[in-house]
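# Fold and geometry: a report
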Amino acid sequence: MKWLELSLRAPAEYVEPLSVIFQRHGYGGVAVELVGGYNPDEDETQPDDSTAILRSYLPVNSTTAFRKEQIRVAVELISRLCSLSPLEERVMEQGEWMESWRSHFSVLHMGRIVVCPSWMEYTAKPGEVVIGMDPGMAFGTGHHPTTHMCLAELDKLVTSGMKVLDVGTGSGILTVAAAMLGADYVLALDIDPDAIKAARANVKANSLQRVVKVQRGTISSESNVEGGFDLVVANLYTKVILGMAPTLVAQLATRGTLIVSGIMADRMGEVERALEAEGCTLLRMDREGDWAVLVGSKTRG
Amino acid sequence: MAKKIRAIVKLQIPAGQATPAPPVGPALGQHGVNIMAFVKEYNARTANQVGMIIPAEITVFEDRSFSFVTKTPPASELLRKAVGVDKGSAQALHQKAGSIPRAAVREIAQTKMKDLNAGSIEAAMHIIEGSARSMGIEIVE
């Protein structure tokens, strides 16, 4: 079975009437898409002049031509009131989307670490540590620079027997990597229940339940976080890291190492000073695009 | 987890019965969203509202992770249910699709309140009454 995708770009105020037309003649309703490209965590908002993309799907059969004509006429009438992009057509095979989302993920190499989507096969070379990950709702497949740079640091820093804390674990990728690299114990925290679910699933898929504890919460409210960690990794965002600097450093054992990521490169200096004030000295930093990672060592307290 | 937004996708789909068929599958698949993860979660969250259209607003992040919120059903959906008709009138001015007591309008306004841009319940009721009129549904005291 084939499907015909009809799509068009329209100003926000014409989404409503166009939706009604698409809804009436398309199958199962309409998808309205707003273009992104901004980061609310850094107080960026959606651009005001944004347009929306409307998509509707028609099964390819004897009714397609009629349905398409209905939509075409309505779109033409509305286009007399405002500027609309031409109606685009694309034929899709039934179920092709079930495979297409997976094409956005590939096997990822980072030092000794290999991140492999759960539907792919990978044979480890000597010395490699293979992590199986299933991208779900939670953040962290290793393909984003912030996660990527954390994996690179974990590859350099984790040695066997370490006690590791992962603050804002998301999909659990950094926790799983730390455990696979030889950590004795990893505590993974997140405030998002979806992340907890995803992290637990990924820990289980990699058979690491005995080494890893996944817990909902954060370090400021969690009196049962024991402290004394050899390594703390926090892949969050600038604002949160600045606010959490004292609690992050407090969880470290003396000489312990802190990795903070998700920082906008232009705010690196601010984060460095906040950590320094808590007795954490900067060892090195790295950048990828807009993003920076900082590695510090607790020298005081 | 510094999350840059890639796109926001809005879908109006039947509660508890989402499937990977269009529009869900292709609309989300092209952004690299794990379709089954969404379908499962959406159906779980809306299981006790089966029979209603519950819009979902999905935020897709740069790394293809996503989160979503569900909205209240469209006003037209709630009105059709309240009147007990399959659809509104095609000629709202000449041919009525049915009628609805004002108390029921208030109830719908209360349900929709959190998704409406209305300062008071009366303002929300005006919005619902407008939808009703355009569907050929009469308001009776």
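Residues numbered from 1 in each chain as written. Chains lettered and ligands numbered in written order. Predicted model: local features only at pLDDT ≥ 70, side-chain atom pairs only at ≥ 80, totals over all residues. Heavy atoms only, no water.

## Quick word on the overall build of chain B
The criterion, for reference: Runs of E in the DSSP output that reach at least two residues are strands. Runs of H or I that reach at least four are helices, and both are numbered from the N terminus. Summary of the burial criterion: residues with accessible area below 20% of their type's maximum are buried, those above 50% are exposed, and those between are partly exposed, where the area comes from a 1.4 Å probe applied to protein chains only. We call two residues in contact whenever any of their non-hydrogen atoms come within 4.5 Å of each other. Per-residue and other accessible areas follow the Shrake-Rupley method at a 1.4 Å probe size, with only the shown protein chains counted as cover for residues.
The secondary structure content of chain B amounts to five helices and five strands. From first element to last, N terminus to C terminus, chain B shows the α and β order β-α-α-β-β-α-β-α-α-β. Its C-alpha atoms put chain B at 55 × 30 × 25 Å along the principal axes. Each of the 141 residues in chain B was classed as buried or not, and the buried ones make up 50%. Across chain B, every contact between residues at least 6 apart in sequence was considered, and the portion connecting residues at least 24 apart equals 58%. Summed over all atoms, the accessible surface of chain B reaches about 6,400 Å², with 50% contributed by carbon and sulfur.

## Describing the packing of helix 3 (residues 75–83) of chain B against helix 4 (residues 102–112) of chain B
Residue and element names in this part refer to chain B. We apply this condition: Only the contacting stretch of a helix is used when fitting its axis, a line to C-alpha atoms as for every element, and angles between N-to-C directions run 0 to 180 degrees. Should the near helix be turned counterclockwise from the far one by less than a right angle, the crossing is left-handed, whereas a clockwise turn marks it as right-handed.
Where helix 3 meets helix 4, the closest approach of the two axes is 11 Å, and the angle between their N-to-C directions is 145°. When you trace helix 3 past helix 4, the crossing you get is right-handed. Where helix 3 abuts helix 4, its residues Ala75, Leu78, Leu79 and Ala82 lie against Ile108, Thr111 and Lys112.

## Some thoughts on the packing of aromatic side chains
Stated formally: Stacked, tilted and edge-to-face pairs are distinguished by plane angle, under 30 degrees for stacked and over 60 for edge-to-face with tilted covering the rest, among Phe, Tyr and Trp rings (Trp via its six-membered ring) whose centres lie within 6.5 Å. Over a ring means this: the NZ of a Lys or the CZ of an Arg is within 6 Å of the ring centre and within 35 degrees of the ring normal.
Here the structure, examined in full by the defined rule, presents eight aromatic pairs over all chains. A centroid spacing of 6.1 Å and a plane angle of 75° characterise the contact between tryptophan 101 of chain A and phenylalanine 105 of chain A, whose relative ring orientation is edge-to-face. Judged by its relative accessible area of 4%, tryptophan 101 of chain A is buried. By the ring-pair criterion, three or more aromatic residues cluster together here, those being Phe38, Tyr42, Phe66 and Phe68 of chain B. One residue, lysine 163 of chain A, lies across the ring of phenylalanine 229 of chain A, its end atom 5.1 Å from the ring centre. Arginine 45 of chain B extends its terminal NZ or CZ atom over the ring of phenylalanine 68 of chain B, reaching a point 3.8 Å from the ring centre.

## Regarding a negative patch on the surface
Just so we agree on the cut-off: A patch consists of residues whose relative accessible area exceeds 30% and which take part in no salt bridge; residues with like charges are grouped when within 9 Å of each other, and nonpolar side chains (Val, Leu, Ile, Met, Phe, Trp, Tyr) when within 5 Å. Here, a salt bridge means any side-chain nitrogen of Lys or Arg that lies within 4 Å of a carboxyl oxygen of Asp or Glu. For the purpose of charge, His is not counted, nor are the chain termini; Lys and Arg are scored as positive and Asp and Glu as negative. In this description, the location of a charge corresponds to atom NZ of lysine, CZ of arginine, CG of aspartate or CD of glutamate.
Together, Glu44, Asp266 and Asp290 of chain A together with Glu62 of chain B make up a region of like negative charge exposed at the surface. Of note, aspartate 266 of chain A is situated in the loop between strand 12 (252–264) and helix 8 (268–277). For aspartate 266 of chain A, a relative accessible area of 69% corresponds to the exposed category.

## Some thoughts on helix 3 of chain B
Residue and element names in this part refer to chain B. Residues of helix 3 that are buried include every one of Ala75, Glu77, Leu78 and Leu79, and no others. Elements that come into contact with the buried residues of helix 3 comprise strand 2 (53–61), strand 4 (98–101), helix 4, helix 5 (121–134) and strand 5 (137–140). Of the residues trailing helix 3, glycine 84 is marked for its positive phi of about 80°.

## Some words on the nonpolar core
Inside soluble globular proteins, nonpolar side chains tend to come together where they are buried. Which entries qualify depends on this criterion: Definition used in this section: a nonpolar core is a set of buried Ala, Val, Leu, Ile, Met, Phe, Trp, Tyr and Cys residues joined via side-chain atoms within 4.5 Å.
Residues Leu11, Phe38, Tyr42 and Ile58 of chain B are the most contacted members of the largest nonpolar core, which totals 45 residues. For this core, the leading source of residues is helix 5 of chain B, giving five residues. With residues near it in sequence (within four places) discarded, phenylalanine 38 of chain B still touches Leu11, Ile13, Val24, Leu28, Ala56, Ile58, Phe66 and Phe68 of chain B. If you look at the next biggest cluster of nonpolar residues, it comprises 39 residues, including Ile113, Ile173, Val186 and Val233 of chain A.

## A look at the pattern of salt bridges
Following the criterion strictly, the structure yields 20 salt bridges over all chains and no others. Residue arginine 90 of chain A is joined to glutamate 5 of chain A by a salt bridge in which the shortest nitrogen-to-oxygen separation is 3.3 Å. Residue arginine 90 of chain A is found in strand 4 (residues 88–93), and its partner glutamate 5 of chain A is found in strand 1 (residues 2–11); the two are separated by 85 residues along the sequence. Taking the relative accessible area as the measure of exposure, arginine 90 of chain A reaches 35% and is therefore partly exposed. Between glutamate 77 of chain B and lysine 81 of chain B there is a salt bridge whose closest N-O contact spans 3.9 Å. Taken together, the residues span about one helical turn, with glutamate 77 of chain B and lysine 81 of chain B both in helix 3 at a distance of four residues.

## Here's the deal with the domain arrangement of chain A
All names here are of chain A. In plain terms, the rule: Domain boundaries shown here were taken from an automatic or database domain assignment. What gets called buried area is simply the loss in accessible area from a 1.4 Å probe that two parts show on being joined, summed for both. Counting of polar contacts relies on pairs of N or O atoms within 3.5 Å, with two restrictions inside protein: one atom must be capable of donating a hydrogen and the other of accepting it, and residues adjacent in sequence are counted only when both atoms are side-chain atoms. Each residue is assigned to one of three groups, with Ala, Val, Leu, Ile, Met, Phe, Trp, Tyr, Cys and Pro labelled nonpolar, Asp, Glu, Lys and Arg labelled charged, and all others, Gly among them, labelled polar.
The domains assigned to chain A are domain 1 (2–102) and domain 2 (137–298). Domain 1 and domain 2 are separated by 40 Å when their C-alpha centres are compared. Taken residue by residue, the interface counts four residues in domain 1 and seven residues in domain 2. Summed over both sides, the interface of domain 1 with domain 2 buries roughly 430 Å², with 40% coming from carbon and sulfur. Counting across the domain 1 and domain 2 interface gives zero salt bridges. Put simply, domain 1 and domain 2 have zero residue pairs in polar contact (both at pLDDT 80 or more) between them. Its residues placed into classes, the side of domain 1 that touches domain 2 shows no nonpolar, one polar and three charged.

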